[in-house]
Amino acid sequence: MSSKVPVIPSLAPFPGAAWREQLVPTEWQACLDAWIGITSAHLSLSSSHFTQVSAKDESLSEFLVSYIAALAENHEVIPAKNSDRPRLLRKQCYLLSYRLLDLDPPLGPLLDWEFLANLSNTYGQRQGRKLFSVAWKRSSSTVEDSLGKIKTYLTMNLEAVLEGDLKSVESQLKRLNHLLYASPEVAAFFLAGDDFVDSLISCYKLMNPPLRKILISTMYLCLIGLTEGGKPKFSSLVDQLYSLKSAADIHKAGPTSVNDSLVAELVTATPILKQLQQRIKASGSGSSRAESVLTALGGFKKAGGSQRPPRLIKRKIDKGKGIARDDNFGQDSNGQVHVHQMSLISHVQDLFPDLGSGFIVKLLDECDDNVELVISCLLEDSLPNHLQDADRSEELKSQPRPSGDLARGMVPHPTPPQLPTRRNVFDDDEFDQLTLDTSRLHFGRRNPNQTADDVLDDKTTAPNKAAILSALAAFDSDDDERDDTYDVEDVGGTVDSAAPGNNPEEVNVDVKDGQDETLFRAYKSTPDVFNRDAATRRSKARMALKESTGMTDESIEGWGLMLSRDPRQLRRLDAKFSSFSGEQKMLAPTAWRASPAGSGTEDSDIDGNNRGRGGLRGGGGRGGRGRGRGNVAGPIGDRETEVARNKKEVNKGSRANHNRRDQRAKKMARGGFPG
C-alpha cells in the first residue's frame, strides 16, 4: 500500500527591493517563518515524494531563482539582527537547490547560466562548484545551450565596440566571472575557438577603465580555469597563450602604444604567468613549448608595472608589558579588529566578494597576514584542513568595549572627582522642591485660544491708575541730561573739528593768546623781568606776571629766551599785539640798503657785503653785484672775498644783460609802458 502523497502549500516569490522596503519587521518575520516552514517540508520528503511533489511545483523554482538573485545582488538583503532565521533559510535553499539539480531531468529554470552564476556568487567557489557539477552531470546539453546564447551575445557586442550595449556587457561579464571562477567546464567552453578571446582583445582598445578591468578578470579566470578540474587542458592552454602572443605582436606593430593592450595589462597586473608556470610544473606535463611561450609573454610586461613585494610590517618586540590579548584571529581582547587587518580584508574581498570578513581574518591569521599567500591558497584550493569545512560567509562580529577596567583583579582605586555641575537662578525653587501647585502647571501656552484683544481687555494684571500718576509726578521733564550721543568716546569714531565749537583746541588757543599778550607786553616794557636770577624771581614784577599767566618761573624765562633768539617771532607778536590807532608818523623804508662796514645780519634788509640789487654802480662797484655771497673788494685773505673773485667772470658771463631784458618783458606783459 503506497503512502499518501503530502500536500505542501506554494511558495511566494522573494519580493523585490521596492517591496522589501515597505515590509515592517513583523511582516518580515512572518515571511521568513513561512519560507522556512515550506522549504523544510520539501526537504523532509522522500525521494519518490520529492519527485512527485517538489519537482512539479513551479512556485518552488520561482522562489529559488528570485531568492538567489537577491542574495547575489546583496548578501545582506535580509538583516540578521541576532536571529538565525536568515542563515537557516540560506542553508535550506542550498540543500533544496542541490536536490532539484540532482533530479533526472533537472528543472529547466535552474539550468539557466544566470541562476548557476548567482549560486556561485552566493555560496562561494567550493559550494558553487558542487552545484554546477551536479547540473553539468545531469544535463550538460541544456547548460551548454544556455552558455552558448550568452557567449554569442557577448561576442557580438564586444566586437561591435561602440555600437554594442556595453552597459549590459559589463554587468553580464561581472556575473559570468563568478561562474568561471567556480567551474572549469565553463572556462573551457568559452575558450573553445578564438572568437570570444578575439572579441575581448578587440573591445579592450576602447578606453573604458571599469570595462577594461572586467575584461582582464574574465581572461584571467578563463586561462586559470583550463588548469583546474579533474582533467586540466594544458594543450588548449598553450594554444590560447600562443594566440595571445600573436595578438600582442600585431598590436605592437600597430600605431598605438605597446603597453595599451590586453596582453600587456594581463601579464603585468595579474600573476597569470607565475600561476601557470607553477601549475604546469606541478602537473609534470611541462614542455619546452609552454616554457617558450610563457617567456615570450613575460617580455610584454610594462616597465615598472610589476607587482609590489609584500609590505613588511615592523612588529614591536613583546616585552610582556602590554595589555593581555586573546587569540581572537586578529582581534584584541575587546574584540576590535586592527586597522591594518581591515585593509587586508578589503584587499581579499575585492577578488573574492563571496568570502566573509570573519573567514578572511582566520586565513590572514593562518598565513601571517600575507595577502598573496592567502589569494594563492584560495585559487589553488589548498586551505588547511580545519579551514576547509569552515563557513566561508562568516562575518566578523564586533563586540562592544567593556566599560570596566581592562586590568582585572587590580586593587580598587578611588573614584576621581566629578566635574562641577552647572547651576542657575531656578535651582531649588518651588518647582525643584515639588511644592508648586499643580493648577499652575501647563504645557505650551496657558490658554491657546486667547487672542491679543483678550489680553488687552484683561485688566487683572494691569497697574492701577494711582501707580501711573505717582510715576508721572516723579518724572521731571525739565531735568534733561547733556546729549553725549556724538561724543568721540561714545561714537567710536571722529568728530568734525572744522565746525565751530567742535574743536577742543580752540579754548587752548585762546588761553595761549592771552598768555602771549601778557608776556609780550611785559617783555616790551621791562625785559629784565625775564632774567634768570634769584633776585628777579623774587621781584614783585615776576610775581605779578606769574599770577596773571599761571606759568612757572622756568616757563616764563624760557619764553623770554626763545623770543630773544627768534626775531621773526618778535615781529609777529609785535604786529599782533601792537595798538595801532591809525596814525603813522614814520614810514619805514623797504628798499634794500647796504650796511656800512659789512655789519648787516642774516635777517636784515641791509647787506654788509655791498652785493645785491640796488648796490653801488660804476666801475668799482661791478664786482659787488650779487646776492650777498662775497665782495671782490673785501679784505685780502678773506675766504668770501676769494670765492667772489673766482666767480666774478662766471657770474658775468652767465647773467650778462639777460636779467634786465627779462624784467622788461614782465613789465610789458603786465600792461606797463616802456621808458
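Computed from a predicted model, the values in this text were never measured in an experiment.

Right, let's get into the overall build of the protein. Looking only at helices and strands, one finds 30 helices and 2 strands in the protein. Within the protein, the fraction of its 675 residues that count as buried is 32%. Across the protein, the fraction of contacts at a sequence separation of at least 24, relative to all contacts at a separation of at least 6, is 62%.

A cluster of basic residues, Arg664, Lys666, Lys667 and Arg670, forms a positive patch on the protein surface. Summarising the element assignment, Lys666 is placed in helix 30 (residues 658-669). A relative accessible area of 47% places Lys666 in the partly exposed class.

On the surface, Ile468, Leu469 and Leu472 cluster together to form a nonpolar patch covering roughly 290 Å² of accessible area. Tracing the backbone shows Leu472 in helix 21 (residues 465-474).

With that settled, consider the pattern of salt bridges. Throughout the structure, instances matching the rule amount to 16 salt bridges. Where Arg440 meets Glu430, a salt bridge forms, and the shortest distance between an N and an O atom there is 3.1 Å. Of this pair, Arg440 sits in the loop between helix 19 (385-388) and helix 20 (452-457) while Glu430 sits in the loop between helix 19 and helix 20; the two residues are 10 residues apart in sequence, bridging distant segments of the chain. The exposure class of Arg440 is partly exposed, given its relative accessible area of 46%. Counted as one network, the salt bridges with shared partners bring together Arg537, Arg542, Lys546, Asp553 and Glu557.

A word on a negative patch on the surface. Residues Glu159, Asp194, Asp195 and Asp198 make up a contiguous surface patch of negative charge. With respect to the secondary-structure elements, Glu159 resides in helix 7 (residues 140-160).

On to the side chain of Ser120, then. Structurally, Ser120 is set in helix 6 (residues 113-138). Under the relative-accessibility criterion, Ser120 is labelled buried at 3%. In this view, Ser120 contacts Gln125, Gly128, His178, Leu179 and Ala182; residues no more than four positions away in its chain are not counted.

With respect to the helices, strands and loops of the structure, Ser246 is situated in helix 12 (residues 234-253). Its relative accessible area of 40% is what places Ser246 among the partly exposed residues. In sequence terms Ser246 and Leu297 are 51 residues apart; their C-alpha atoms lie 9.9 Å from each other.

If you check helix 12, its first and last C-alpha atoms are 29 Å apart, about what 20 residues at 1.5 Å a residue would give, namely 28 Å. Regarding helix 12, the residues found buried are Phe234, Leu237, Val238, Gln240, Leu241, Leu244, Ala248 and His251. Buried positions in helix 12, seen along its axis, are confined to an arc of 160° and lie on one side of it. Seen from the buried face of helix 12, the exposed residues on the opposite side, beyond 90 degrees, are Ser235, Ile250 and Ala253. Residues of helix 12 that are buried in the fold lie against helix 10 (195-203), helix 11 (209-225), helix 13 (262-269), helix 14 (272-283) and helix 15 (288-298).

In this structure, Asp368 is a non-glycine residue whose phi angle is positive, near 60°. In this fold, Asp368 is placed in the loop between helix 17 (357-366) and helix 18 (371-380). A relative accessible area of 62% places Asp368 in the exposed class. A positive phi angle is found at Leu434, which is not glycine, with a value near 60°. Along the chain, Leu434 falls in the loop between helix 19 and helix 20. Since its relative accessible area comes to 77%, Leu434 is described here as exposed.

As a further point, take the packing of helix 4 (residues 58-73) against helix 5 (residues 85-101). It is at 11 Å that the axes of helix 4 and helix 5 come closest, and there the two elements cross at 125°. Classified by the angle between their axes, helix 4 and helix 5 sit oblique to one another. Between helix 4 and helix 5 lies a crossing whose hand is left-handed. Taking contact as the criterion, the partners of Leu60, Phe63, Leu64, Tyr67 and Leu71 in helix 4 are, on helix 5, Pro86, Leu89, Arg90, Cys93, Leu96, Ser97 and Leu100.

Next up on the list: the side chain of Ser168. Within the secondary structure, Ser168 sits in helix 8 (residues 166-182). Residue classification places Ser168 among the buried residues on the basis of a relative accessible area of 16%. Engagement of the side chain of Ser168 in a polar contact is seen with the side chain of Tyr153, the distance being 2.8 Å.

A word on the packing of aromatic side chains. All chains considered together, the criterion is met by 14 aromatic pairs. Ring centres 5.3 Å apart and planes at 75° place the aromatic pair Phe14 and Tyr67 in the edge-to-face group. On the criterion of sequence distance, the pair formed by Phe14 in the segment before helix 1 (17-20) and Tyr67 in helix 4 is long-range, its members being 53 residues apart. Taken as a pair, Phe14 and Tyr67 share a single burial class, namely buried. With centroids separated by 5.5 Å and ring planes inclined at 40°, the aromatic side chains of Trp35 and Phe63 adopt a geometry described as tilted. You can see Trp35 sitting in helix 2 (residues 25-43) and its partner Phe63 sitting in helix 4, a full 28 residues away along the chain. Assigned by exposure class, Trp35 and Phe63 land together as buried. Site record: aromatic cluster; members linked through ring pairs are Phe14, Trp28, Trp35, Phe63 and Tyr67. Here the basic side chain of Arg99 rests over the ring of Phe50, its NZ or CZ set 4.1 Å away from the ring centre.

Analysis parameters
Residues numbered from 1 in each chain as written. Predicted model: local features only at pLDDT ≥ 70, side-chain atom pairs only at ≥ 80, totals over all residues. Heavy atoms only, no water. Helix = DSSP H or I, 4+ residues; strand = E, 2+ residues; numbered from the N terminus. Buried < 20%, exposed > 50% of the residue type's maximum accessible area, 1.4 Å probe, protein only. Contact = heavy atoms within 4.5 Å. Patch = residues over 30% accessible without salt bridge, like charges linked within 9 Å, V, L, I, M, F, W, Y side chains within 5 Å. Areas by Shrake-Rupley, 256 points an atom, 1.4 Å probe, with all protein chains shown as cover. Salt bridge = Lys/Arg side-chain N within 4 Å of Asp/Glu carboxyl O. Lys, Arg positive; Asp, Glu negative; His and termini not counted. Charge placed at Lys NZ, Arg CZ, Asp CG, Glu CD. Expected span 1.5 Å × (residues − 1). Arc of directions from axis to C-beta. Axes fitted to C-alpha atoms, helices over the stretch in contact; angles between N-to-C directions. Parallel < 35°, antiparallel > 145°, perpendicular 65-115°, else oblique. Left-handed = near helix turned anticlockwise from the far one by under 90°. Polar contact = N/O pair within 3.5 Å; in protein donor to acceptor, adjacent residues only side chain to side chain. Phe/Tyr/Trp six-rings, centres within 6.5 Å; stacked < 30°, edge-to-face > 60°. Lys NZ or Arg CZ within 6 Å of the ring centre and 35° of its normal.

By themselves these figures say nothing about function.
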